[in-house]
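Residues per chain are reported as follows:
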Amino acid sequence: MKIKKAVIFLIIAHIVGIFFLKRVFFSKPADKKAPSKSAAIEALTVRAVWLKREDLDLIFSYVGNIKARNEAKVYSKVNGKLDSYVLSEGDKVEKDQTVALVERDETGLKYELARVSSPIYGVVGKTFLDKGENILAQSTPVALVVDTREAVVRIDIPEQDIPYVSKGCPASLKLDSYPGEVFIGEVSKISEVLDAVTRTLNVEITIANPDNKLKSGMFARIDILAGKRQRVLALPQDALSKEDGSYYVFVVEGDKARKVKVEIGISNDKVEILKGLEENQKVIVFGQQGLRDGAVVKVVE
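Described in the following lines is the structure provided in the data block.

What counts and what doesn't
- Residues numbered from 1 in each chain as written.
- Predicted model: local features only at pLDDT ≥ 70, side-chain atom pairs only at ≥ 80, totals over all residues.
- Heavy atoms only, no water.
- Helix = DSSP H or I, 4+ residues; strand = E, 2+ residues; numbered from the N terminus.
- Buried < 20%, exposed > 50% of the residue type's maximum accessible area, 1.4 Å probe, protein only.
- Areas by Shrake-Rupley, 256 points an atom, 1.4 Å probe, with all protein chains shown as cover.
- Pairing = 2+ DSSP bridges.
- Polar contact = N/O pair within 3.5 Å; in protein donor to acceptor, adjacent residues only side chain to side chain.
- Contact = heavy atoms within 4.5 Å.
- Phe/Tyr/Trp six-rings, centres within 6.5 Å; stacked < 30°, edge-to-face > 60°.
- Lys NZ or Arg CZ within 6 Å of the ring centre and 35° of its normal.

## Describing the overall build of the protein chain
Helix and strand counts for the protein chain stand at two helices and 19 strands. The 301 residues of the protein chain split such that 32% are buried. About 19800 Å² of surface is accessible on the protein chain, with carbon and sulfur atoms providing 53% of the total.

Right, here's the structure in full:
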């Protein structure tokens, strides 16, 4: 009887063990609830501005080199050798004033030293020769005289800018030599002939130079104010993206960004919007890199 009870106990224990092992090693984990689609979409943070109307300056930017209004090389009227300079670089000189003396290239006779005179008023900008160097009449430059009371910059503007640039347009110049300082001039001369090869037109800008700060050869960045557009739709340049030759912006509609093709007009730090947008639309100006049409966005000020 005891043996029978022992067998029954072992059988029950065996069944319970099998059931326990099955629960531990073969049972399926509880299903986790899948995240909702809306929870998986994370809003992208962007910055946006309201599209408004404002006055926009029509500015064209160029680069060029400063030059004195009048510059003249000084030549001797006789052959000979340089005896000496009467004036040094930086000295003021009047028209017809002697700049240098030349020992005439003649033999057998003693001549007075020939005087080499300046053809213009100005400053001796450069002397070219050393004492004793040979001089050919009207061929060897002896000195350079520059009239620095006015400076000029001559630039070539592209064909598409020609309708907007006219004589009298104000110009501002910035030079590396004077950081933080702006020099003011104006368009003083416009060529009547277009360069057929480069499709450009030569324009001259005149700048007053009473302090003689502007030196020939200085590099300048020039902005010409060619006019003003009044009450145009304008956006910061950063709002634009360019694809396949067309311009696009992203506008905010609700909590989503919508990609819109636009046509632009004049531009400087801001750009004129001709088509594609309306006043008081909210346009993304930061965070649109890599943004897709229809993306969920969060706008911060």
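Picking up where we left off.
## Concerning the sheet that holds strand β8 (residues 134-135)
Pairing between sheet strands relies on hydrogen bonds along the backbone, with the strands arranged either parallel or antiparallel. Spatially, four strands are ordered β6-β5-β3-β8 in an open sheet, and the strand pairing comes out antiparallel. Two strands bound the open sheet, and with one partner strand each, they are β6 (114-117) and β8.

## Focus: the side chain of Gln-288
Along the polypeptide, Gln-288 turns up in the loop between β18 (282-286) and β19 (297-300). A relative accessible area of 6% means that Gln-288 is categorised as buried. Among the polar contacts listed, one links the side chain of Gln-288 to the backbone oxygen of Asp-238, at a separation of 2.5 Å. Residues contacting Gln-288, with those up to four places away along its chain left out, are Asp-238, Ala-239 and Phe-250.

## Brief notes about unusual backbone geometry
In this model, Asn-212 sits at a positive phi of 60°, which is unusual for a non-glycine residue. The residue Asn-212 is located in the loop between β12 (200-208) and β13 (219-236) in this model. Phi at Asp-244 is positive, roughly 50°, even though this residue is not glycine. Take Asp-244: it is sitting in the loop between β14 (241-243) and β15 (246-253).

## Considerations on the environment of Lys-242
Here Lys-242 lies in strand β14. By relative accessible area, Lys-242 is classed as exposed at 54%.

## Side note on the packing of aromatic side chains
Throughout the structure, instances matching the rule amount to two aromatic pairs. Between Phe-60 and Tyr-164, the aromatic rings sit 5.7 Å apart at their centres with planes inclined by 35°, giving tilted as the arrangement. Residue Phe-60 is found in strand β2 (residues 52-75), and its partner Tyr-164 is found in the loop between β9 (141-158) and β10 (170-175); the two are separated by 104 residues along the sequence. Take Phe-60: its relative accessible area is 12%, and that puts it in the buried class. With a centroid separation of 5.7 Å and 65° between ring planes, the pair formed by Tyr-178 and Phe-183 is classed as edge-to-face. Residue Tyr-178 is classed as partly exposed on the basis of its relative accessible area of 22%. Given the relative accessible area of 10%, Phe-183 is considered buried. When the ring centre of Phe-286 is taken as origin, the NZ or CZ atom of Arg-47, which lies over that ring, is 5.0 Å away. The cationic tip of Lys-259 hangs over the ring face of Tyr-248; the distance from NZ or CZ to the ring centre is 4.8 Å.

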